[in-house]
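Commentary on secondary and tertiary structure
Here are the chains, one letter per residue:
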Amino acid sequence: MHDKNSSNTANFSSNSNATKVQLHINKTTLHLHVMPWVSLLDAIRDHGKLTGTKKGCDHGQCGACTVICDGKRILSCLTLAVMKDGSEITTIEGIANGEVLHPLQTAFIEHDAFQCGYCTPGQICSAIAMLEEGKADTRDEVKEQMSGNLCRCGANTNIIDAIMEFKDKRNE
Amino acid sequence: MKISKQIGKSVNRLEGHLKVTGAAKYAGEYDVPGLLQGYIVNSTITKGKILEIDESAAHALSGVVAIFSHNNRTKLPWFDIMYADMDAPPGTPFKPFYNDQILYNGQPIALVVAETFETARYAATLIKVTYDEEPFETELAAHLDDARDPKKGIATFIKPLPPSANGDFEKAYNDADVQYAGEFIHGTEHHNPLELFTTTTVYEGDGKLTVYDKTQGTSNCQIYIANVFGLHYKDVRILSPFVGGAFGSGLRPQYQLFLCVMASLELKRNVRVTMDRAQMFTFGHRPQTIQKTRFGATADGTVTAINHTAIAETSQHEDYTEVVVNWANMLYPAKNTLLDYKLVPLDVFSPMDMRAPGGSTGLHAIEATMDALSYILKVDPMELRLLNYAERDVSANKPFSSKELKQCYLQGAEKFGWANRKSEPRTTRRGNRLVGTGMSSGIWDVIALPAKAKASINKKGKLKVKSAVTDIGTGTLTVMTQIAADSLGIHIDDVTFEYGDSNMPLSPIQGGSYTTGVVGSAVKAACESLKKKIFKKAKKMNNSTFNSVALEDVVFEDGSMHLKQDKSNFVTFKEIIADNDGKKIKASKNNIPNVLKLKQYTRAAHSAAFVEVEVDEQLGIVNVTRAVTAVAAGKIINPKTARSQILGGMIWGISKALREETLMDHNLGKYMNTDLGEYHIPVHADIHELDVIFVDEKDDIINELGSKGVGEIGLASMAPAIANAIYHATGKRVNKFPIHFDQLL
């Protein structure tokens, strides 16, 4: 048998280091027992079983992991779960109102604002929180403020069309 | 009520709801019991031997279950053929963990399997590997003298080698009134779909596996896994209903599939192995390619001589080829040609098809050369193309099955406002920015392959159609559903298309822009076969008015069958099945293209791109401010999803011309920008006005649908049009991609 106490890494996954974390995700409280190095993204996907939030790079470079945390869009891959104890988190699974889609989700479908769909949850969460920030008004500003969310299929113009339509309707 | 035809209609993506709510499950998202997580260790040297793998520190970590490497692996077959997948080029396929040899930097050499992802990832960092390093060669430009002809193989059927020389090129070129010669340099690119390559296995016992994999071909992975691990085909089920982009990277089974399956079989457990983003740079890529062109023309603009040569990298173990130099003479009917394509084997992984492979590389050289000639001749660039318009493919001496490229030029130019263009370069400014416009032609092959589909209709009148094909974001689910609805004459809501499962009827790998034509034709054929069976059953019904009529005398529409002459004389599908004791009626069809007929024609989609760029004179920064691409691709099944495919291709063109390149340190043999911060692709702020036109094109030859596919054609013409627009803006002809600001200062 391997000696589990011999190296500096002995307690890497022993439960003694696990921390209790409460995440209020999509209005449901998730009680987690996670190691301090578990990212919020992995906590949501692997522990919370909410796989709508995507991992594209794990480096904060693609935006696929964007969730809305206490009203602000954050990169859940660059956030540790323990940092968000007690926070209100909305993931893509919490954007619709039950079976009724959020108007931005409907706009994404109408504008064909996705192809493979992998960046989509991040784009939608990012866009909703971005509009709340109030920094973007024109199309160019929206494009700039959404540039942290990459799309490799090249749905960029359709994504911005969908956001602009939602934004304009919201302001009517 | 008459149901409107679905083909040609902009139906929203049927899986849209799942994708916008996060309910669509990708390969790494299946919650399976007792899941173990694997993390891959990659070679840090480029060539040599592994001397030792010290796993002690990793093993000491609590939660580590197993470590696999060439020292600890399943017994593997000896014969190369067992590792060859449907897309394997001629040569020896890469065999993970086969022995101690290192063939390239980043080669997978160990797999840590642990109880949690974090433990596996950390343990992977604790593995110490000692190597015996050998000298290596990775730089194409330093080895052009070693270029040799590619080996021939099965792949050569789909990717023909260049046609032999025509006429006397050297004489014609020397005699030409005007000439342009260029050298075109393209770096390495990696596909980088946003979803990381992932496999999740479900160990079903008795050597049976269910595998969720990121792939473009479920059947391909099934055959590969069964062959490599000595399993029965029926015991390996590959599922891939959602694929987070692939662009060619999923055409071959990737090594995480092999490693995950090995761990699962050895441990008799459910396992997941996910690559990290840096590992996404450790397999296939678009190869470095260096091209040379020499085109000659008469003073009136007739191109008389075409010489196009390309030298591309491949690996030491496989001869990966692309069609780079065959296109010029298909587009421009010069009588004197000299085309050549050669390979240089280097110590890299085998390159792999990446969106518009070969075409997007070759067309840059061809279309920039044509553009350069137009300025020398003082002829409008589009006019030069029209002057040299090929009504027939002289390179193969065959007619085109259809070709509406002329309409692409004319309609694209009209929409773009090309006529208002100033012909002289460097004549338009907006503030401190130089403005230029450029255009390019595009061409892409139409490939025909066999495919199978099954169709069945149940007592509720619901049609189910099945194929093993994947939908990598192309819109396949939606398009196949539309085709099935029209083929049987049924409401689209009554159709289910099941796909992404190797248990379903065999489909080729999704790629090459052929899926809609190939699988769509199989779907149509299966539905036609189902119609015959429905018709037979209807004839047997009591008091059937169809007793004495032939199949040609009836029409299938609105979920029923009626006499052509008398619409009131009808029977619904539901009634027919009720009479069949409520039993489903099923049909299956293996659709095999008529190769003898197809061989008589050159089959290609065409496009024309028109681009405006602004170039900041002080900073050299290029912005594609607007672009129009006009496409002739036969019947467009779904204009909405097809438009998105073309837009995607155009954005890939912007990326290719201006952004993306994997940079290697040739002293290390290692790619250096292996993350999405350093590997640049366009962001939203880089993308401006893009417009797509589909030109009417009828084609009765290519397939039963007359559909040519739209996955690559949007990229083919875009990148060269950008390069040409930059020349028009700045007067600088930059023939190296991507074009960066430093080349424009």
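Since we're looking at a predicted model, the values are computed, not measured. (Residues numbered from 1 in each chain as written. Chains lettered and ligands numbered in written order. Predicted model: local features only at pLDDT ≥ 70, side-chain atom pairs only at ≥ 80, totals over all residues. Heavy atoms only, no water.)

Let's talk about helix α18 (residues 718-730) of chain B
Residues lying three or four places apart along an α-helix face the same way, a consequence of the helix completing one turn every 3.6 residues. Residue and element names in this part refer to chain B. Condition: Where helices and strands are cited, they refer to DSSP runs of H or I of at least four residues and of E of at least two residues respectively, numbered from the N terminus. Take the residue count of a helix, subtract one, and multiply by 1.5 Å to get its expected span. For the exposure calls, accessible area comes from a 1.4 Å probe over protein chains only, and a residue counts as buried if that area is under 20% of its type's maximum, exposed if over 50%, partly exposed in between.
For α18, spanning 13 residues, the distance from its first C-alpha to its last is 18 Å, which sits close to the expected 18 Å at 1.5 Å a residue. The buried fraction of α18 is high, at 13 of 13 residues. Just downstream of α18, Gly731 is the residue with a positive phi angle, here 80°.

A few points about the pairing of strand β27 (residues 622-632) of chain B
Residues and elements named next belong to chain B. As a reminder of what qualifies: The criterion for strand pairing is that DSSP finds at least two bridges linking the strands in question.
Most of β27 is tucked away: nine of the 11 residues are buried. Bridge count between strand β26 (residues 604-616) and β27: 10 bridges; the pairing is antiparallel. Its bridge partner being in β27, Ser607 is matched across the sheet by Val631. Connecting β26 to the next strand, β27, in antiparallel fashion are five residues, including Gly620 with a positive phi near 75°. Where β27 meets strand β30 (residues 689-694), six bridges bridge the pair, whose relative direction is parallel.

Structural notes on the interface of chain B and chain A
Where interface size is given, it is often the accessible area lost as the parts come together that is meant. Stated precisely, the cut-off is as follows: Contacts between residues were defined by any pair of non-hydrogen atoms, one from each residue, lying within 4.5 Å. Buried area: the accessible surface (1.4 Å probe) lost by two parts on joining, summed over both. Salt bridge, as used here: a side-chain nitrogen of Lys or Arg that lies within 4 Å of a carboxyl oxygen of Asp or Glu. Polar contacts here mean pairs of N or O atoms no more than 3.5 Å apart (in protein, one a potential hydrogen donor and the other a potential acceptor; neighbouring residues in sequence count only if both atoms are side-chain atoms).
Counting residues at the interface gives 66 residues for chain B and 56 residues for chain A. Buried area between chain B and chain A, both sides added, is near 5,000 Å², and the carbon and sulfur share of it is 55%. Counting the surface chain B buries against chain A, the share from its top three residues, Val20, Leu194 and His684 of chain B, is 17%. Summed over the shared surface of chain B and chain A, the result is seven salt bridges. A salt bridge links Arg152 of chain A to Glu660 of chain B; the nearest nitrogen and oxygen atoms lie 2.9 Å apart. Our count for the contact surface shared by chain B and chain A stands at 31 residue pairs in polar contact (both at pLDDT 80 or more). Contributing elements (two or more residues each) for the side of chain B that touches chain A: α1 (16-21), α2 (56-60), α3 (117-126) and α16 (639-658) of chain B.

Observations concerning the UniProt feature "domain: Aldehyde oxidase/xanthine dehydrogenase a/b hammerhead" (unreviewed entry) in chain B
Just so we agree on the cut-off: UniProt positions are given in the numbering used here, feature names are shortened, and annotations may be inferred rather than shown by experiment.
According to UniProt, the "domain: Aldehyde oxidase/xanthine dehydrogenase a/b hammerhead" (unreviewed entry) feature falls on residues 21-135 of chain B. Within the segment residues 21-135 of chain B, helix and strand shares are 14% and 30% respectively, and the terminal C-alpha atoms sit 51 Å apart.

Points about the state of the cysteines
Each disulfide consists of one covalent bond between the sulfur atoms belonging to two cysteines. Rules: In plain terms, two cysteine sulfur atoms within 2.5 Å form what is called a disulfide here.
Inspection of every chain in the model, using the stated rule, returns zero disulfides over all chains. Of all cysteine sulfurs in the structure, the one in Cys57 of chain A sits closest to Cys62 of chain A, which takes part in no disulfide; the separation is 3.8 Å.

A word on a positive patch on the surface
Residues and elements named next belong to chain B. Definition in use: Patch definition: residues with relative accessible area over 30% and no salt bridge; like charges joined within 9 Å; nonpolar side chains (Val, Leu, Ile, Met, Phe, Trp, Tyr) joined within 5 Å. Using a 1.4 Å probe, the Shrake-Rupley method yields the accessible areas, and only the shown protein chains count as cover for residues. Only four residue types enter the charge count: Lys and Arg as positive, Asp and Glu as negative, with His and the chain ends excluded. Taken as the charge location is NZ of Lys, CZ of Arg, CG of Asp or CD of Glu.
Where like charges cluster on the molecular surface, the positive patch consists of Lys532, Lys533, Lys536, Lys537, Lys540, Lys583 and Lys589. If you tally residues by element for the positive patch, the top one is helix α13 (residues 515-540), at five residues. Mapping Lys533 onto the fold places it in helix α13.

A word on the sheet that holds strand β13 (residues 303-315) of chain B
All names here are of chain B. Strand order across the open sheet formed by five strands is β14-β13-β12-β7-β31, with mixed pairing between neighbours. At either margin of the open sheet sits one strand with a lone partner, and together these are β14 (336-346) and β31 (736-737). As paired elements, strand β7 (residues 178-186) and β31 share two bridges and run parallel to each other. Within the sheet, the bridge partner assigned to Ile185 lies in β31 and is Lys736.

A few points about a negative patch on the surface
Judged by side-chain charge, Glu137, Glu139, Asp145 and Asp146 of chain B come together as a negatively charged surface patch. The partly exposed category is assigned to Asp146 of chain B, whose relative accessible area is 44%.

Brief notes about the side chain of Lys54 of chain A
Assignment of secondary structure puts Lys54 of chain A in the loop between α1 (40-47) and β3 (66-69). Residue Lys54 of chain A is classed as buried on the basis of its relative accessible area, which comes to 1%.

Looking at the pairing of strand β2 (residues 48-54) of chain B
Relative to strand β4 (residues 101-102) of chain B, β2 of chain B runs antiparallel, the two sharing two bridges. Among the inter-strand pairings, Gly48 of chain B is bridged to a residue of β4 of chain B, identified as Ile102 of chain B.

A look at the nonpolar core
Put simply, the rule reads: Throughout, nonpolar core names a set of buried Ala, Val, Leu, Ile, Met, Phe, Trp, Tyr and Cys residues whose side chains join them through atoms within 4.5 Å.
The biggest cluster of nonpolar side chains holds 228 residues, and the ones touching the most others in it are Ile163 of chain A together with Met561 of chain B. Dropping the residues within four chain positions of it, Ile163 of chain A is found in contact with Leu104, Phe108, Ala127, Met130, Leu131, Val142 and Met146 of chain A.

A closer look at the domain arrangement of chain A
All names here are of chain A. This is how it is decided: Throughout, the edges of the domains are those of an automatic or database domain assignment. Under the scheme applied, nonpolar residues are Ala, Val, Leu, Ile, Met, Phe, Trp, Tyr, Cys and Pro; charged residues are Asp, Glu, Lys and Arg; polar residues are all the others, including Gly.
The domain boundaries assigned to chain A delineate domain 1 (17-94) and domain 2 (103-171). Here domain 1 and domain 2 have C-alpha centroids that lie 21 Å from each other. The interface of domain 1 with domain 2 comprises 18 residues on the first partner and 16 residues on the second. Of the roughly 1,200 Å² buried between domain 1 and domain 2, counting both surfaces, carbon and sulfur atoms make up 57%. The largest per-residue losses of area from domain 1 upon contact with domain 2 belong to Lys54, Arg73 and Ile92, which jointly make up 48% of the total buried on that side. Close ionic contact of Arg73 with Glu133 constitutes a salt bridge, the shortest N to O distance being 2.9 Å. Residue assignment for the side of domain 1 that touches domain 2 shows that the elements contributing at least two residues are β3 and β4 (72-75). Examining the composition of the side of domain 1 that touches domain 2, we find that three residues originate from one element, β3, more than from any other. A breakdown of the residues in the side of domain 1 that touches domain 2 according to their chemical character gives five nonpolar, eight polar and five charged.

Description of the packing of aromatic side chains
Residue and element names in this part refer to chain B. Quick reminder of the rule: Whether two aromatic rings pair depends on their centres lying within 6.5 Å, for rings of Phe, Tyr and Trp, where Trp uses its six-membered ring; planes under 30 degrees apart make the pair stacked, over 60 edge-to-face, and the rest tilted. Criterion for a charge above a ring: Arg CZ or Lys NZ at most 6 Å from the ring centre, at most 35 degrees from the ring normal.
Tallying each qualifying case throughout the model produces 21 aromatic pairs over all chains. Taking 6.3 Å as the distance between ring centres and 85° as the angle between the ring planes, the aromatic pair formed by Tyr83 and Tyr98 counts as edge-to-face. Of this pair, Tyr83 sits in the loop between β3 (64-69) and β4 while Tyr98 sits in the loop between β3 and β4, and the two are 15 residues apart along the sequence. With relative accessibility at 1%, the residue Tyr83 sits in the buried group. The interplanar angle of 20° and the centroid separation of 5.3 Å between the aromatic rings of Phe169 and Tyr173 together place this pair among those described as stacked. With a gap of four residues between them, Phe169 and Tyr173 both fall in helix α5 (residues 169-175), about one helical turn apart. Tyr173 carries the same exposure label as Phe169, and that label is buried. The lysine or arginine in question, Lys95, covers the ring of Tyr98, its NZ or CZ lying 4.4 Å from the ring centre.

Section: the domain arrangement of chain B
Residue and element names in this part refer to chain B. For chain B, the assigned domains are domain 1 (32-134 + 197-274), domain 2 (143-186 + 285-447 + 599-743) and domain 3 (449-592). The straight-line distance from the C-alpha centre of domain 1 to that of domain 2 is 37 Å. At the interface, 20 residues of domain 1 touch 20 residues of domain 2. When domain 1 packs against domain 2, the two sides together hide about 1,700 Å² of surface, and 60% of this comes from carbon and sulfur. Our count for the domain 1 to domain 2 interface comes out at two salt bridges. Salt-bridge contacts for Lys47 lead to Asp347; the nearest nitrogen and oxygen are separated by 3.8 Å. Summed over the shared surface of domain 1 and domain 2, the result is seven residue pairs in polar contact (both at pLDDT 80 or more). Across the side of domain 1 that touches domain 2, the residue classes tally to nine nonpolar, eight polar and three charged.

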